[in-house]
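The lines below spell out each chain.
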Amino acid sequence: MIAVALLLGSLCQGVVEDYFPLTSGTRWVYEEKSGDQTNVVVDEALPPIRIDGKMAFPVTSKIDGRVIETRFYGLIDNTIHIVAFKQDSPLSEPIPVLKFDGKRTSWEFSGMTPMQTIPVPLTLRGTADAKGKRTVLGMTANVIESTVTGVLDTGGGTKIESKQVAIYAQGIGLIEFKEWRKIADRETVTTTTLVKFTQPN
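Quick caveat: nothing in here was measured; it's all calculated off a predicted structure.

1. Focus: the environment of Met139
Alright, step 1. Within the secondary structure, Met139 sits in strand β10 (residues 139–155).
Alright, step 2. In this view, Met139 contacts Arg134, Ile172 and Phe197; residues no more than four positions away in its chain are not counted.

This is how it looks when you write it as structure tokens:
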């Protein structure tokens, strides 16, 4: 889950951070639906740390109080990246998540990413564009829409293809997410909706 002008602490320069707040103590509660399964996922931004000498911003995702994933984010060239999934294992090639320069913005990635500790090829193409204002949990905010298509080559001729459409609200972060994923002849659709947002006092 993939989400206050105090964004990214000391890195609060530029535009993209306004839509991806990572201030420690911020919490997002999402309802996630995939097929007939529904989960409540709680994301929380933790205090920043250093990975490879650079500031990184951890976000945990929990279901039923159990951490299912931790992602470490960083700001590189006005683009939010995942820089690690484990504190002691920085990615050799950080993965871009969101880039926005105040107008329609595009980005691409072609590199390796870990899959069960084994590096596999990943290609991504993304765009982000302003979509006006929207009322989010009683708050009116500017929003942007991001569309990312990707292919993960797992080897043996098997590829995971995906299309992700995400809506980010200024000062809030991710508010809606929908992913279409195809593995061989099997397709799944996952939707994620923000149901609660809290900021630190």
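What follows picks up the thread again.
2. Some details on the pairing of strand β1 (residues 27–34)
Alright, step 1. Where β1 and strand β13 (residues 186–198) come together, eight bridges link them in antiparallel fashion. Its bridge partner being in β13, Ser34 is matched across the sheet by Thr190.
Alright, step 2. In terms of strand pairing, β1 meets strand β2 (residues 37–45) through eight bridges, oriented antiparallel. In the strand pairing of β2, Trp28 is matched with Asp43.

3. So, the packing of aromatic side chains
Alright, step 1. Counted under the stated rule, the structure contains four aromatic pairs.
Alright, step 2. When the centroid spacing of 5.7 Å and the interplanar angle of 85 degrees are considered together, the rings of Tyr19 and Phe100 count as edge-to-face. Here Tyr19, found in the segment before β1, pairs with Phe100, found in the loop between β7 (89–99) and β8 (105–115); they are 81 residues apart in sequence, far enough to count as distant. By the burial criterion, Tyr19 is buried, and Phe100 matches it.
Alright, step 3. Between Trp28 and Phe197, the ring centres sit 6.3 Å apart and the planes meet at 40 degrees, which makes this aromatic pair tilted. Of the two residues, Trp28 sits in strand β1 while Phe197 sits in strand β13, which places them 169 residues apart along the sequence.
Alright, step 4. Overall, Phe197 belongs to the buried group, its relative accessible area being 12%.
Alright, step 5. One aromatic cluster in this structure is built from Phe20, Tyr73 and Tyr168.
Alright, step 6. The aromatic ring of Trp180 is capped on one face by Lys163, whose charged end is 5.7 Å from the ring centroid.

4. Notes on the nonpolar core
Alright, step 1. With 40 residues, the main nonpolar core has Phe20, Tyr73, Val97, Leu98, Tyr168, Ile175 and Leu194 as its most contacted residues.
Alright, step 2. Counting five residues, the second-largest nonpolar core is a separate cluster that includes Ile51, Ala56, Phe72 and Val83.

5. Considering the environment of Thr105
Alright, step 1. Considering the arrangement of structural elements, one finds Thr105 in strand β8.
Alright, step 2. Each C-alpha atom, one on Thr105 and one on Ile49, is 29 Å from the other, the two residues being 56 residues apart in sequence.
Alright, step 3. Those residues in contact with Thr105 that sit more than four places away from it in its chain are Lys99, Phe100, Gly126, Thr127 and Ala128.
Alright, step 4. At 3.0 Å, the side chain of Thr105 and the backbone nitrogen of Asp101 are in polar contact.

6. A short note on unusual backbone geometry
Alright, step 1. With a phi close to 55 degrees, Asp64 is a non-glycine residue in the positive phi region.
Alright, step 2. Looking at where Asp64 falls in the secondary structure, it is placed in the loop between β4 (54–63) and β5 (66–76).
Alright, step 3. A relative accessible area of 79% means that Asp64 is categorised as exposed.
Alright, step 4. Phi angles above zero are rare outside glycine, and Ala184 is one such case at about 55 degrees.
Alright, step 5. Here Ala184 lies in the loop between β12 (173–183) and β13.

7. Things to note about the confidence of the model for the chain
Alright, step 1. The pLDDT averaged across the chain works out to 91; a share of 93% of its residues lies at or above 70.
Alright, step 2. Averaged over each element, pLDDT in the chain is lowest for β8 (93) and highest for β1 (98).
Alright, step 3. Segment residues 1–14 is flagged for pLDDT under 50; beyond a separation of four residues in sequence, or across chains, it makes 47 contacts in the model.

Thresholds, definitions, all that
Residues numbered from 1 in each chain as written. Predicted model: local features only at pLDDT ≥ 70, side-chain atom pairs only at ≥ 80, totals over all residues. Heavy atoms only, no water. Helix = DSSP H or I, 4+ residues; strand = E, 2+ residues; numbered from the N terminus. Contact = heavy atoms within 4.5 Å. Pairing = 2+ DSSP bridges. Phe/Tyr/Trp six-rings, centres within 6.5 Å; stacked < 30°, edge-to-face > 60°. Buried < 20%, exposed > 50% of the residue type's maximum accessible area, 1.4 Å probe, protein only. Lys NZ or Arg CZ within 6 Å of the ring centre and 35° of its normal. Core = buried A, V, L, I, M, F, W, Y, C linked by side-chain atoms within 4.5 Å. Polar contact = N/O pair within 3.5 Å; in protein donor to acceptor, adjacent residues only side chain to side chain. pLDDT = per-residue confidence, 0-100.

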